[in-house]
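# Descriptive analysis of the structure
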Amino acid sequence: MNKVAVYPGTFDPITYGHLDILEMGCKIFDEIIICIAERAEKNTLFTLEERVSTVSYIVKDFDNVSVEPLTGLLVKRMEMGGIKFILRGLRAVSDFDYELQMALTNSELDSEIVTVFLPGKHEHLFLSSSIVREVAIHGGDVSKFVPEYVKHKIELKLRGKTCL
Ligand code: COA
């Protein structure tokens, strides 16, 4: 039977840290669905459609990885597809409380759901999307943190352009 996982997140924007987790996840799962959460409360730089389009381009060469928007509960989406696994990255101890809370909530909502945590690569442990946005907003070079395509999208967005 195919082992399918969802990899949920805001991806505002996707970074090399997220890609580390995805690459490792591909070694474990037969199929990964990246679920990009709307997260209106997060006041994101990119719209949901822009994030879906950017991530879709970035992962286009991965076999068995697809991308979709997520506007409701993750558990509902998983139940619809009969999916049991959630892939999440753990960067540092500081992630642990929040990640544990989410994993336990999701398994409380559906007891069959299992969250699989993978460690980030040490060179990206400090990375977060808000750090990338912050550096870019102040004119810094984000080439070490995100693929060139994402860097270009950030530059466009900061110039007030739509990034679909
Ligand atoms: N490398 C780099 N950065 C990483 C990372 C990695 N491997 N893993 C996480 N991050 C960063 C993100 O860039 C983001 O940074 P920011 O806060 O500075 O912007 C931060 O960690 C948060 O991670 P993210 O993966 O975007 O998760 P999130 O906390 O925004 O998303 C959801 C949480 C989307 C998974 C969760 O809200 C969800 O499932 N929502 C759907 C609704 C739902 O079911 N809610 C109930 C959940 S219990």
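Right, let's walk through the structure included here. Given the structure is predicted, the values throughout are model-derived calculations rather than measurements.

## Observations concerning the sheet that holds strand 5 (residues 114-119)
On the basis of which strands lie adjacent, the open sheet formed by five strands has the order 3-2-1-4-5 and parallel pairing. Of all the strands in the sheet, the pair left with one neighbour each is strand 3 (65-70) and strand 5. Neighbour to neighbour, the strand axes of the sheet diverge by 30 degrees on average, direction disregarded. Lying on the sheet, helix 4 (residues 93-109) is in contact with strand 4 (85-90) and strand 5; it crosses strand 4 at an angle near 175 degrees.

## A word on the site of the ligand
The ligand sits among 25 residues. The nearest are Thr10, Leu74, Tyr98, Ser129 and Ser130. Contacts to the ligand include Gly17, whose backbone N or O atom sits 3.2 Å from a nitrogen atom. At 2.6 Å from an oxygen atom of the ligand is found a side-chain nitrogen or oxygen belonging to Tyr98. The fraction of the free accessible surface of the ligand (930 Å²) that becomes covered by protein chains is 85%. Within the residue set of the shell around the ligand, elements represented by two or more residues are strand 1 (4-9), helix 1 (16-28), helix 4 and helix 5 (129-137). Ranked by residues supplied to the shell around the ligand, first place goes to helix 4 with four residues. Per-class residue counts for the shell around the ligand are nine nonpolar, eleven polar and five charged.

About the criteria used
Residues numbered from 1 in each chain as written. Predicted model: local features only at pLDDT ≥ 70, side-chain atom pairs only at ≥ 80, totals over all residues. Heavy atoms only, no water. Pairing = 2+ DSSP bridges. Helix = DSSP H or I, 4+ residues; strand = E, 2+ residues; numbered from the N terminus. Axes fitted to C-alpha atoms, helices over the stretch in contact; angles between N-to-C directions. Contact = heavy atoms within 4.5 Å. Near = heavy atom within 4 Å. Polar contact = N/O pair within 3.5 Å; in protein donor to acceptor, adjacent residues only side chain to side chain. Areas by Shrake-Rupley, 256 points an atom, 1.4 Å probe, with all protein chains shown as cover. Nonpolar A, V, L, I, M, F, W, Y, C, P; charged D, E, K, R; others polar.

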